[in-house]
Amino acid sequence: MAKYIFVTGGVTSSLGKGIISASLAKLLQSRGLRVTIQKFDPYINVDPGTLNPYEHGECYVTEDGAETDLDLGHYERFLNIYTSQANNVTTGRIYQTVINKEREGAYLGKTVQVVPHITDEIKKRMLELGQGGNYDVVITEIGGTVGDIESLPFVEAVRQLQWELPEEDTVVVHLTLIPYLKAAKELKTKPTQHSVKMLNQEGVHPDMIVCRTERPLLPELRRKIALFCNVKQEGVIEAADVPTIYEVPVAMMREKLDVICLKKLNITNYNEPDLTKWKEFLNKLKYPKSRVTIGLIGKYLELQDAYKSILESFIHAGAVNECQVQVMNVHSEFITADNVSEKLAGLDGLLVAPGFGHRGVEGKITAVKYARERGLPFFGICLGMQMAVIEFARNVLGLKEAHSTEMDPETKDPVIDLMEEQKKITAKGGTMRLGAYPCDLKEGSLAYKIYGKAAISERHRHRWEFNNKYLGQFEQAGMKASGKNPGTGLVEIIELTGHPFFIGVQYHPELKSTVENPQPVFVHFVKAAKAYAEKKNEVKNPLLQNEMT
Ligand code: GLN
């Protein structure tokens, strides 16, 4: 049986519980332990698939097609392992299970209550991943902030497990904030004291307190926190702000977060941490040799988290290329034919983002046209690929009214259309084409060159697809389907002949990029942007020289 680490959060949200959990997991993994992480979210949606990105950031999709919290993306990117539906549980899913069981008669004669029925279901799921013999340690992140009404049943489940499991099988790590008061020139521990008191009132005693802080946490402050919060002084850990989330594992190693957890869990059989590859990556990330600017054309740009996996994929791909990728956000709603060259000036590559609904699509189409006509490296993801198809239909094939039936159900030329099996579906939750599907690549294509093999598998989240009735027309004019689903013939990749780099993918490659395995399309896109930037400079430099002489 596995051992369990629970991570709770106090004082405020957004302290980075996901990153701390992923970093701790990385350190344990680097010591040769088999680790996984799961997240329990206290909202009533059964999964975050029905939440607007403005509400909850990106919806991360796993291999098995689960629509999950974006923290699972961090887990996969850090650990280089797959997660699944079992790694993300919401209050909604717990209640749905309990209510379904009640209807089936599983509790016949009994009053169904939060304690024990809801908490039993939570505990069952907390323990499940650790029972298959696949992991030595399971880290469970409890979403929300301690003291919230909605996280109470989860904290109660942790309380019960702390007593039910052997003492050495659980660790509770509590993440808090130590604010710096400028006027007083002091770090303040009171909010942490209160948040631990709250946790204690709910019956849970943290073994470790990880303190987010802008300033160093000096020994006397650590002593104070230890004293007031009833933890050992070695259990008070400083989590100082760092320039990139990828430095957190190294910072946590310095603070011995992993070693102290291992001690409490009485795990003695582990190696020295091997972070060689991780540090190589960090080094390349910190000391890039060149720089490119990529335009991210999207519509949820006000919120950093909405395109999380795309931004992280650029960090991975940038490091491989020893190139700093500067992402410039461009709001698709405000791009018009008149201002496009001004809005997209100075870019070395253009990425048109995934999305839903008609808002901003005309701007995306205009941006694709700009990239196609100027030989600017282009990468379209999901809706971005669909926009490239529509642009080509309208401006090259002359099908002026071409559209997707998502935006215009009555269009004369539905070059993007609803998948057959989607036509009967009315329920919204979990009903898209989700998860990993195989894709065959055409030899000699750009896609084949990028992946270096003929068969790949990538993750999906969409309802619409390329309408194969038009494929002949597209291919004849130079837009080729270079990747197709082997079973259904669905077009998964389109590319343009005669363009230095123009690729659109129906799947979400950003979901599979990790520090150890950067996603190949991103890697090659950055490479193409680098080449574009170099060429631009070559053109510029002779002029500069002329001016100087
Ligand atoms: N709205 C499009 C579809 O459902 C694209 C989805 C996406 O970009 N994830 O097909």
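Just above sits the structure.
Model, not experiment: these values are computed from the prediction.

Enquirer: Talk me through the overall build of the chain; I want residue IDs and the actual numbers.
Expert: Helix and strand counts for the chain come out as 18 helices and 23 strands. Relative to a compact globule of 549 residues, whose C-alpha radius of gyration would be 24 Å, the chain shows 25 Å and is just as compact. Expressed as lengths along the three principal axes of its C-alpha atoms, the size of the chain is roughly 75 × 70 × 45 Å. Residues counted as buried form 57% of the 549 residues belonging to the chain. Sequence separation of 24 or more characterises 73% of the internal contacts of the chain that already satisfy a separation of 6 or more. Accessible area of the chain: about 24000 Å², with a carbon and sulfur share of 51%. Side chains of the chain carry 66 positive and 69 negative charges; the gap between the two charge centres is 3 Å.

Enquirer: Report on the nonpolar core, specifying residues and quantitative values.
Expert: Membership of the largest hydrophobic core comes to 48 residues, with the highest contact counts inside it found for I5, L28, I139 and M252. Among the elements that take part in this core, helix 1 (residues 17-30) stands out by supplying seven residues, more than any other. Excluding residues that lie within four positions of it along the chain, L28 makes contacts with I5, L33, V35, V137, I139, D258 and L262. Ranked by size, the runner-up nonpolar core spans 41 residues in total, among them L350, V389, Y470 and I494.

Enquirer: Any details on the pattern of salt bridges? Residues and values, ideally.
Expert: The tally for this structure, following the rule as stated, stands at 42 salt bridges. For E67, the salt bridge identified is with R461, shortest N-O distance 2.7 Å. Here the residue E67 occupies a position in strand 4 (residues 67-68), and R461 occupies one in strand 19 (residues 455-462), the gap between them amounting to 394 residues. Taking the relative accessible area as the measure of exposure, E67 reaches 3% and is therefore buried. A salt bridge links E238 to R222; the shortest N-O distance between them is 3.6 Å. Taken together, the positions of E238 in strand 11 (residues 236-240) and R222 in helix 8 (residues 219-229) put the pair 16 residues apart, joining distant regions of the chain. Each of K39, D41, D69, D71 and E141 takes part in salt bridges that share partners, so that together they form one network.

Enquirer: I'd like to hear about the sheet that holds strand 17 (residues 414-418), residue by residue, with values.
Expert: Reading across from one edge, 16-17-20 is the order of the three strands in this open sheet, with mixed pairing throughout. If you trace the sheet from one side to the other, it starts and ends with strand 16 (403-404) and strand 20 (464-466), each paired once. Most of the contacts of helix 15 (residues 383-395) go to strand 17, to which it runs at about 150°, and overall it touches strand 16, strand 17 and strand 20.

Enquirer: Provide a residue-level description of the packing of helix 4 (residues 91-104) against helix 5 (residues 114-128), including the pertinent values.
Expert: Running from amino to carboxyl end, helix 4 crosses helix 5 at an angle of 120°, the nearest separation of the two axes being 10 Å. One way to sum up the angle between helix 4 and helix 5 is to call them oblique. Read as a crossing pair, helix 4 and helix 5 show a hand that is right-handed. Taken together, the residues of helix 5 that come into contact with helix 4 (itself represented by R93, I94, Y95, T97, V98 and K101) are V114, H117, I118, E121, I122 and R125. Tallied by class, the residues present in the contact of helix 4 with helix 5 amount to six nonpolar, two polar and four charged.

Procedures and definitions
Residues numbered from 1 in each chain as written. Predicted model: local features only at pLDDT ≥ 70, side-chain atom pairs only at ≥ 80, totals over all residues. Heavy atoms only, no water. Helix = DSSP H or I, 4+ residues; strand = E, 2+ residues; numbered from the N terminus. Rg over C-alpha atoms; globule rule 2.2 N^0.38 Å. Buried < 20%, exposed > 50% of the residue type's maximum accessible area, 1.4 Å probe, protein only. Contact = heavy atoms within 4.5 Å. Areas by Shrake-Rupley, 256 points an atom, 1.4 Å probe, with all protein chains shown as cover. Lys, Arg positive; Asp, Glu negative; His and termini not counted. Charge placed at Lys NZ, Arg CZ, Asp CG, Glu CD. Core = buried A, V, L, I, M, F, W, Y, C linked by side-chain atoms within 4.5 Å. Salt bridge = Lys/Arg side-chain N within 4 Å of Asp/Glu carboxyl O. Pairing = 2+ DSSP bridges. Axes fitted to C-alpha atoms, helices over the stretch in contact; angles between N-to-C directions. Parallel < 35°, antiparallel > 145°, perpendicular 65-115°, else oblique. Left-handed = near helix turned anticlockwise from the far one by under 90°. Nonpolar A, V, L, I, M, F, W, Y, C, P; charged D, E, K, R; others polar.

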